[in-house]
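Structural characterization, general
Letter by letter, the chains look like this.
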Amino acid sequence: MHPLLAADLERLPDLLEDARRHAVAFLEGLDERPVVPLARTPAAVPLPARGDGLSAALRGFAERWEPGLSAGAGPRYLGFVTGGVTPAALAGDWLTSTVDQNPMSSLDPAGQLLERETVGWLRELFGLSDGHEGNFVSGATMSNTVGLAIAREWLGERLGVSPAEDGAAALGPVRVLSGSPHSSVAKTLSMLGLGRSALVPVATLPGREAVDPAALERALREGAGPCVVVANAGTVNTVDFDDVRALVALREKYGFWLHVDAAFGAFAALSPAHAHLVDGVDAADSLCVDLHKWLNVPYDSAVQFTRRRDLQARVFQNAAAYLGPLGDTPEAVHLTPENSRRLRALTAWLTLRAYGRDGYREIVERCAACAHTMGEAVAAHPGLRLLAPVRLNVVCFTLAENPTADRLAALAREMSDTAFLTPTVYAGRPALRAAFSNWRTTADDTERVIKALTAAVDALPGGAPAS
Ligand SMILES: *Cc1c(COP(=O)(O)O)cnc(C)c1O
């Protein structure tokens, strides 16, 4: 063994203690750290020919890279849709690397069984019936990819061909209809050989991002052949929800594959005041839910549900002499793009075991309350304009006067020590979004964000009109 490895092995408990202390210091500094420290990243250096062990490597990381890291795990990182990491999820992630399992085969079954138990818990959490089978993947983009890969095979079934065997070209042109699909859906269609141009935009309801069911019905009637509908349960701009029940009624009539992207919207099911938003999602043929957002587990984790695991295994089967047969309960290796992978389920299992449905209900309701508070503050500020009602956990707004992308970027920069907000364009207008999905965010944090936003608006050159 290399002497540096042997030395680290000998001191492993002490070294892990150092790493633990380091982690605790980082977490304790989250509140003070600039939320996005701009321009603190060092230049790249060459690979060291000779190392100097873990202690020195940890110091090197602390000196060169750590100062530039954002407080992405903290309570005021409100960009994109970003979760943090609960205490149990953090411990779970450490343990995942510690036990280093590859949960793909029943020849070594425990990891795979833990994963199945966790999927069952998630199904209950989101109010799904046991018609849905589920698997862990690395994020909602992969969950959408797996769901739409199953959809592709379903289209083949309807046409008497198998894209998994014969290639996507066997299908001929395919239509994927959606109102306000997430950008990852186009990427997915590119990866699946269906092509970005397969995505057919359908009109949304007036002033909304939710699809107009009447427009969808017209599109279904106009086109020939089976198609796929991607329903959106929680759009990133304004957290709007398609009326999934109406889409299910259309499916009765027109027979399409219904994929629901509920990356973070699925968590509405946990809050009685918001659960109606996800009525009907259980009827989806495939369903995408991110876990590294509102479940507050670390990257990278999502779950993918479907009612047609037989088609899923047709797409992802990995026949090899040393792996189990497909059978009625296919091994995990036959169900997702990865073969080997980490035991992602363990972090989700630990955090669900630690906090239960009640704990997650509290997180969802607190985040929604924070978003509502900020939405009210934005609506009341003469220099700002709320662009959509706060339906769940995102505030989408712009400047009342001269709302250019440049001025909004300046506004976001001005407040970036306190909070991180990301830009968007909504209904043709440049805007900013604040998304609340971190378990650490409190009412106090929200007040700090509102204060910083107000000060930033006042500081903007040519800024707020006198009120
Ligand atoms: C975040 C998100 C995605 C993509 O998720 P990743 O985890 O970044 O791959 C897809 N759809 C929706 C609605 C999202 O919010």
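Residues numbered from 1 in each chain as written. Predicted model: local features only at pLDDT ≥ 70, side-chain atom pairs only at ≥ 80, totals over all residues. Heavy atoms only, no water.

- In the nomenclature of an unreviewed UniProt entry, the protein chain is known as Amino acid decarboxylase of Streptomyces varsoviensis.
- Here is the UniProt Sequence similarities (unreviewed entry) comment for the protein chain, exactly as written: "Belongs to the group II decarboxylase family."
- Taken verbatim from the UniProt record of the protein chain, the Cofactor (unreviewed entry) comment is "pyridoxal 5'-phosphate". (UniProt positions renumbered as here; feature names shortened; annotations may be inferred.)

1. Remarks on the overall build of the protein chain
- Scanning the protein chain from terminus to terminus reveals 14 helices and 11 strands.
- Taken over the C-alpha atoms alone, the protein chain extends approximately 70 × 60 × 45 Å along its principal axes.
- Considering the protein chain as a whole, with its 467 residues, one finds that 51% of them fall into the buried category.
- A fraction of 72% describes how many contacts in the protein chain between residues 6 or more apart in sequence connect residues 24 or more apart.
- For the protein chain, the exposed area adds up to about 20700 Å²; of that, 55% sits on carbon and sulfur atoms. (Helix = DSSP H or I, 4+ residues; strand = E, 2+ residues; numbered from the N terminus. Buried < 20%, exposed > 50% of the residue type's maximum accessible area, 1.4 Å probe, protein only. Contact = heavy atoms within 4.5 Å. Areas by Shrake-Rupley, 256 points an atom, 1.4 Å probe, with all protein chains shown as cover.)

2. Overview of the site of the ligand
- Surrounding the ligand, one finds 14 residues, the nearest of these being Thr141, Asp261, Asp290, His292 and Lys293.
- Between Asp261 and the ligand, the recorded distance is 2.8 Å, taken from a side-chain N or O atom to a nitrogen atom.
- For the ligand, an oxygen atom lies 2.7 Å from a polar atom in the side chain of His292.
- Protein contacts shield 83% of the accessible area of the ligand, which totals 380 Å² for the unbound molecule.
- Cavity membership is defined here by more than half of the atoms lying within 2 Å of grid points; on that basis the ligand lies in the second largest pocket. (Near = heavy atom within 4 Å. Polar contact = N/O pair within 3.5 Å; in protein donor to acceptor, adjacent residues only side chain to side chain. 1 Å grid on protein atoms, 1.4 Å probe; cavity = no way out; pocket = protein on both sides within 12 Å on 5 of 7 lines; lining within 4 Å. Sits in = over half its atoms within 2 Å of the grid points.)

3. Let's talk about the domain arrangement of the protein chain
- Its domain assignment divides the protein chain into domain 1 (3-71), domain 2 (101-341) and domain 3 (351-459).
- On a C-alpha basis, the centres of domain 1 and domain 3 stand 32 Å from each other.
- Facing eight residues of domain 1, the contacting portion of domain 3 comprises nine residues.
- It is Asp31, Val35 and Val36 that lose the most area in domain 1 upon contact with domain 3, and together they represent 59% of the buried surface on that side.
- Between domain 1 and domain 3 we count one salt bridge in total.
- Taken together, the connections running from domain 1 to domain 3 amount to three residue pairs in polar contact (both at pLDDT 80 or more).
- By residue class, the composition of the side of domain 1 that touches domain 3 is six nonpolar, no polar and two charged. (Domains from an automatic or database assignment. Buried area = accessible area lost by both parts, 1.4 Å probe. Salt bridge = Lys/Arg side-chain N within 4 Å of Asp/Glu carboxyl O. Nonpolar A, V, L, I, M, F, W, Y, C, P; charged D, E, K, R; others polar.)

4. Notes on the packing of aromatic side chains
- Per the counting criterion, the structure on display carries six aromatic pairs.
- Between Trp154 and Trp257, the aromatic rings sit 6.0 Å apart at their centres with planes inclined by 50°, giving tilted as the arrangement. Note that Trp154 is positioned in helix H6 (residues 140-159) and Trp257 in strand E5 (residues 257-261), a separation of 103 residues in sequence. One exposure class covers both Trp154 and Trp257, and it is buried.
- For the ring pair Phe267 and Trp294, a centre distance of 6.0 Å and an interplane angle of 50° mean the geometry is tilted. (Phe/Tyr/Trp six-rings, centres within 6.5 Å; stacked < 30°, edge-to-face > 60°.)

5. Regarding the packing of helix H12 (residues 345-380) against helix H14 (residues 443-459)
- At a minimum axis separation of 10 Å, H12 and H14 run at an interaxial angle of 25°. Between H12 and H14, the interaxial angle falls into the category roughly parallel. Judged by the twist between their axes, the crossing of H12 over H14 is right-handed. Listed contacts from H14 to Cys370, Thr373, Met374, Ala377 and Val378 of H12 are Ala443, Thr446, Glu447, Val449, Ile450 and Leu453.
- Counted by class, the contact of H12 with H14 contains eight nonpolar, two polar and one charged residues. (Axes fitted to C-alpha atoms, helices over the stretch in contact; angles between N-to-C directions. Parallel < 35°, antiparallel > 145°, perpendicular 65-115°, else oblique. Left-handed = near helix turned anticlockwise from the far one by under 90°.)

6. Observations concerning the sheet that holds strand E4 (residues 228-232)
- The seven strands are arranged E1-E7-E6-E5-E4-E2-E3 in an open sheet whose pairing can be described as mixed. Strands with a single pairing partner mark the edges of an open sheet, and in this sheet they are strand E1 (133-137) and strand E3 (199-201). On average, each strand axis in the sheet is tilted by 20° relative to the strand beside it, whichever way the strands run.
- In terms of strand pairing, E5 meets strand E6 (residues 286-290) through three bridges, oriented parallel. Along E6, the bridge assignment pairs Asp261 with Cys288.
- The strands touched by H6 within the sheet are E1, E4, E5, E6 and strand E7 (302-306), with E5 carrying the most contacts at an inclination of about 180°.
- Lying over the sheet, helix H10 (residues 244-254) contacts E4 and E5, oriented at roughly 165° with respect to E5. (Pairing = 2+ DSSP bridges.)

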